[in-house]
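Chain and residue survey
Listed below, chain by chain, are the residues.
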Amino acid sequence: MTSLAVKARRLIGIFLLGVVLFNYPVLSLFDREIFLSGIPILYLYLFGVWALLILLTAMVTGSRRSGLREQGMDERSETSTKD
Amino acid sequence: MLETGTILFVSFLYMGLLFAIAYYGDRRADAGRSIISNPYIYALSMAVYCTAWTFYGSVGRAADAGLGFLPVYIGPTLAAALGWLVLRKIIRISKVHRITSIADFVASRYGKSTTLAAMVTVIAALGIVPYIALQLKAISTSYQIIRGYPDINMPGVSTSFPVFSDTAFYVALILALFAVLFGTRHLDATERHEGLVAAIAFESVVKLAAFFAVGIFVTYGIYDGFGDLIGRAASMPALNSRLTLGGGEGTYVNWTLAVFLSMMAVLFLPRQFQVAVVENVNEDHLNRALWLFPLYLLAINIFVIPVALGGVMIFAGQTVYADTFVLTLPMVQHHQMLALFAFIGGMSAATGMVIVETVALSTMICNDLVMPILLRLPMLRLTQQSDLSALLLTIRRAGIILVLLLGYTYFHFIGEHYTLVSIGLVSFTAVAQFAPAILGGIFWRAGSRSGAIAGLLAGFGVWLYTLVLPSLADVGFLPADFVTEGPFGFAMLKPFSLFGLQGLDRIGHAVFWSMLANAGLYIGISMFSRPSAIEHAQAALFVDVFRKAESERSTVWRGTAPVPDLRSMLRRFLGRSQADRALVQYGVEHGIDWEKSPTADSGLVNYAEKLLAGAIGSASARVMVGSIEKEAPLSIAEVMDILDETRQAIAYSRELEKATAELQAANERLKELDRLKDEFLSTVTHELRTPLTSIRSIAEILHESPDIGPDRHQEFTQIIVRESQRLTRLITQVLEFQRIESGRMDWHLSRVDIGEVISEAVGATRQLLEEKQIFLSSGLADGLPEIEGDRDRLVQVLVNLISNAVKFCEPEQGRIDIHARKEGGGLRVDVADNGPGILPEDLESIFEEFRQIRSETRGRPQGTGLGLSICRRIIDFHKGRIWVESTPGQGATFCFWVPTKRPSAG
């Protein structure tokens, strides 16, 4: 498993998390007239999840800079060259 | 008081600044010092996604429908997470094939099809022109409102103005000038415009800052923070419903469809394709942009709800459109500087979009619509023209002006009837039609040209029917009962509830039906059509773009062409100097002096085609190259054979075979190790039991015969001591090996004198030598250098080698010679014995752990079988070598070599 494949898998995970959190039925749980210090929870929820997704994406894309230089090796698993 | 003159002055100042930035950006790019080559500028340029729709329209939408404006920005956030898979692939493909527009991308993927290129161009143009109109409308409306400062008057319908006194018309002209100057400065095979991108990034900063300023002013200036503002709004029954989604029938489905729609839009809008793919300097920039861009969207949306609610409360009972709150709120509070800033912010949002969009569209119109037609018109004889680059630039410039004038016309006659958001979403739905063909095209090899054409046609048709025709009915071009009753009274075909589908809003309804028709036909027809050879080739190149780094080499088209023809063709489209430079570069890179050979090989022909594709699009490039190319005798069947999936299958099965073989070898090795381990266990237990048994029996004798004589007593206890020592040695060795093996060994590096090491080792083994009466001699060459290493471990190596030699020497006749000398950059030490020697097949394996040489005559070997393998580990640590030389029957020589200076690890 190369670091690129791991990264792709994580980003797909973030995408799926976003799909679940931003859609019915989870969304409907927060679609109520409840206020936290004056602000509706739907508002807090949407912007909170949004910020969370950005944070996760930043963490995944920001880490392991070395993995990005593997030009041409992308998506190809390394074969062992051990004797 | 805000003078009209001041407003115009500031506006022109702002436009002047944009020109200056773009000019500076281009100058820097020419000098090779790019100012846009970093992820931040890249992310900011992507924020061209936020147009006047975001700046003014979001607030309008939020005032109507609360959080319903958000999916348009949530979609891009989700798309960003996938962007690394999708966008990175699109960028890579576009760089490899020099693709410069979305139409070119689709056309190139499906066999460089001219038809598809034209279709995509037409759909994009029809879909985007209203969107451009929307920007012009925003600028025009905002200008008319701020001109009335401090009075707030909603502008009338602009159709009542004559064209030449309409601000929007002049704005359109200035924007056209900008796009012409910086979007078509010269013809370049990569089609990148650094100055333009720099200006766009600057505009993104301005619009964000302006919106923030207004948002903070409304939230904290007029009201007392979020809580206060929303609290007051919540107490008004009319606004209460804006704080939730409402939860009515279809609300969530509409929401989901809107998220999906904006995901597609952010990937496939021509302007997004332009900034994210064509203008991309470095693929690595994508990493940061993937979260910076969503962060920008989040930031620009935080204050939308406060501004919307504040506006609704403050303007309660007045006729003020919610679309203008960003501007009118500062005005009603008599903040003229802030109002002006908001006006400039709105202008930056609108102009940025218009500039990039027109440049992108004009490239498509030129490369994918006009050129293919011109090249095919025999009477123009364009294929024989000497220099076409000027013609290309002219077509593009004309394209820019045409697109802007179309946008203005649309705005003038139709645009007035719609809010900002609804026009924008109609455009989104149009570009979403590219999604199946592009996404399918880069991940699904079987996606075919006929499938793509059918899908696009169907999706486009549904879009026209469900969104465009009703809008024509609204402004009176079509009878109104077309919408209410259905065409000719067919209720099943009512454009807003096709086949009786209810519960979705207009956009959701159109998205659902168009995507169903589009994706359905694309997939269905692709599965049952037989693609042509070139489609096969392109499909493989696109889908496997990461797999085939060498795709330049694996030339599919085996055509050749005369060099002079090729050269003159390139000169015609790229200009003389650019063409010559590119050809020389190719020659240098591939080490070919093709000046000497009259025919260009297929590699050069391919290269030339890609160069041309950058300038005139892949479909036109194919036509041009085809006109001079001589195809090599390669039948279609052969091409199919090369390209067909069988090749892939063969490659995979080879890899599989290789992996299987590796696994088998590993398995053999494991089995061998297992056997050795068993053997080792029995050896060790045997070795442990022998001294233990003798200790026990002697101890028993001592215990049972207390009256044994002192001499015997002395002798027995000595045996016990010796046997215990042997036990200790054995156990130490096993532990030591374990420690080296697991990497927990502590090494102490110092300068080591090899002579001392040898004498110490000899001293330690003296007793062993004396026991078997073996003669040992050692000879050291003069001037041996010190080496860097772990002294104690090196002593241990020699002790092990000496004891090993002792083990194999005959008692009383044994001879061991130790020599040390300089060799290479290090020291070599030989330990030679005159034992039975080692068979050639054992020379290597003797250093493996648990390996013991069995011999018929000696029976079970002595020791643990770890000594030599410990030696090897130690020498390995010193970056040296250890080996054995031997002729059976004439003794063996164990040698090791260590460098004087141990190279640092790593």
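Starting afresh in each chain, residues are numbered from 1 along the sequence in its written order. Labels follow written order: the first chain is A, the first ligand is 1, and so on. With pLDDT at 70 or above as the cut-off, local features in this predicted model cover only qualifying residues; side-chain atom pairs require 80 or more to be listed or tallied, and sums for whole chains, interfaces and linings still use all residues. Side-chain metrics rest on all non-hydrogen atoms present in the structure, leaving aside hydrogens and water.

**Details of the interface of chain A and chain B**
We call two residues in contact whenever any of their non-hydrogen atoms come within 4.5 Å of each other. Listed by partner, the interface residues are 42 residues for chain A and 44 residues for chain B. Of the roughly 3900 Å² buried between chain A and chain B, counting both surfaces, carbon and sulfur atoms make up 68%. Summed over both partners, the accessible surface that disappears when two parts come together, traced with a 1.4 Å probe, is what is meant by buried area. Considering only the side of chain A, the residues that lose the most area to chain B are F15, Y43 and W50 of chain A, jointly responsible for 17% of the buried surface there. We count a salt bridge whenever a side-chain nitrogen from Lys or Arg sits within 4 Å of a carboxyl oxygen from Asp or Glu. The interface formed by chain A and chain B includes zero salt bridges. In protein, a polar contact requires one atom able to donate a hydrogen and another able to accept it; more generally it is a pair of N or O atoms within 3.5 Å, and residues adjacent in sequence count only if both atoms are side-chain atoms. Scanning the region where chain A abuts chain B turns up six residue pairs in polar contact (both at pLDDT 80 or more). The numbering of helices and of strands both runs from the N terminus, where a helix is a DSSP run of H or I of at least 4 residues and a strand a run of E of at least 2. Every element with two or more residues in the side of chain A that touches chain B is listed here: α1 (3-21), α2 (26-30), β2 (39-40) and α3 (41-62) of chain A. When residues of the side of chain A that touches chain B are assigned to their parent elements, the largest contribution, 11 residues, is made by α3 of chain A.

**Describing the confidence of the model for chain B**
Residues and elements named next belong to chain B. Across chain B, the average pLDDT comes to 81, with 88% of residues at or above 70. Note that pLDDT drops below 50 for residues 549-555; the model gives that stretch nine contacts with residues more than four away or on any other chain. Residue range residues 856-860 is modelled with pLDDT below 50. Its contacts to residues more than four positions away, or to other chains, number six contacts. Here pLDDT means the predictor's own confidence in every residue, given as a number from 0 to 100.

**A look at the packing of helix α2 (residues 39-46) of chain B against helix α8 (residues 194-222) of chain B**
Residues and elements named next belong to chain B. Where α2 meets α8, the closest approach of the two axes is 8 Å, and the angle between their N-to-C directions is 70 degrees. What the angle tells us is that α2 and α8 run roughly perpendicular. Seen from α2, the contacting residues are I41, L44 and S45; seen from α8, they are V197, I200, A201, S204 and V205. Residues were grouped as follows: Ala, Val, Leu, Ile, Met, Phe, Trp, Tyr, Cys and Pro as nonpolar; Asp, Glu, Lys and Arg as charged; and all remaining residues, including Gly, as polar. A class-by-class count of the residues in the contact of α2 with α8 yields six nonpolar, two polar and no charged. Lines fitted to C-alpha atoms define the axes, with helix axes restricted to the stretch in contact, and inter-axis angles between N-to-C directions lie between 0 and 180 degrees. Each angle is binned into one of four classes, with values under 35 degrees roughly parallel, values over 145 roughly antiparallel, values of 65 to 115 roughly perpendicular, and all other values oblique.

**Some thoughts on the sheet that holds strand β7 (residues 826-833) of chain B**
All names here are of chain B. Read across the sheet, five strands follow the order β4-β6-β7-β9-β8 without closing on themselves; strand pairing throughout is mixed. Looking along the sheet, the strands with just one partner apiece sit at the ends: β4 (775-780) and β8 (881-886). Put simply, the sheet's adjacent strands are angled 15 degrees from each other on average, direction ignored. Pairing geometry for β4 and strand β6 (residues 815-823), over six bridges, is parallel. What sits directly across from F775, in β6, is R815. A pair of strands is considered paired only if DSSP assigns at least 2 bridges between the two.

**Notes on the nonpolar core**
A general trend in soluble globular proteins is that nonpolar side chains are found buried together. By nonpolar core we mean a set of buried residues, namely Ala, Val, Leu, Ile, Met, Phe, Trp, Tyr and Cys, connected to one another through side-chain atoms within 4.5 Å. In this scheme, a residue with accessible area under 20% of its type's maximum is buried, one over 50% is exposed, and one in between is partly exposed, where area comes from a 1.4 Å probe on protein chains only. Counting residues in hydrophobic clusters, the biggest one holds 199 residues, and the most contacted among them are L46 of chain A together with F428 and F434 of chain B. With 17 residues, the top contributor of residues to this core is helix α16 (residues 336-376) of chain B. Counting residues domain by domain, this core receives three or more from each of domain 1 (4-432) and domain 2 (433-550) of chain B. With sequence-adjacent residues up to four places away left out, L46 of chain A is seen in contact with F22 and L27 of chain A together with L67, L70, I74 and W255 of chain B. Among the nonpolar cores identified, the runner-up in size contains 47 residues, and L769, I802, V831 and F847 of chain B belong to it. An automatic or database domain assignment supplies the residue ranges for each domain.

**With respect to empty space enclosed by the protein**
Residue and element names in this part refer to chain B. Each cavity reported here is a set of points on a 1 Å grid over the protein atoms alone in which a 1.4 Å probe fits but cannot get out, each pocket an open set with protein on both sides within 12 Å along at least five of seven lines, and each lining residue one with an atom within 4 Å of a point. Grid points are joined across faces, edges and corners, and a volume is the space filled by probe spheres set on the points. According to the stated counting rule, one finds six cavities of 30 Å³ or more in the structure shown. The wall of the second largest cavity is formed by 13 residues, among which M46, L87, V266, L267 and F293 lie closest to the centre. Mapped by element, the contributors of at least two residues to the lining of the second largest cavity are α4 (71-97), α11 (251-268), α12 (270-278) and α13 (285-301). Ranked by the residues each element gives to the lining of the second largest cavity, the list is headed by α4, at five residues. When the residues that make up the lining of the second largest cavity are grouped by side-chain class, the tally is 11 nonpolar, two polar and no charged.

**Quick notes on helix α25 (residues 576-590) of chain B**
Owing to its 3.6 residues per turn, the α-helix aligns residues three or four sequence positions apart on the same side. Residue and element names in this part refer to chain B. Every helix has an expected span of 1.5 Å times one less than the residues it contains. With 15 residues, α25 extends 22 Å between its outermost C-alpha atoms, agreeing within 8% with the 21 Å of an ideal straight helix rising 1.5 Å per residue. Looking only at α25, the buried set comprises A579, A582, L583, Y586 and G587. Projected down its long axis, α25 shows its buried positions confined to an angular sector of 135 degrees, all on one face. Exposed positions of α25 whose direction lies more than 90 degrees from the buried face are S577, R581, V584, V588 and E589. Of the surrounding elements, those touching the buried residues of α25 are α24 (563-574) and α26 (602-616). Residue G591 follows α25 closely and has a positive phi angle near 60 degrees. Starting at the helix axis, one direction is taken to each C-beta atom, and the arc is that of these directions.

**Side note on a nonpolar patch on the surface**
A surface patch of nonpolar side chains, about 620 Å² in accessible area, is lined by F488, F490, M492, L493 and F499 of chain B. Residue position: F488 of chain B is located in the loop between α21 (481-484) and α22 (506-528). A patch is a set of surface residues, each over 30% in relative accessible area and not in a salt bridge, joined within 9 Å for like charges and within 5 Å for the nonpolar side chains Val, Leu, Ile, Met, Phe, Trp and Tyr. Computed by Shrake-Rupley with a 1.4 Å probe, the accessible areas treat only the displayed protein chains as cover when residues are assessed.

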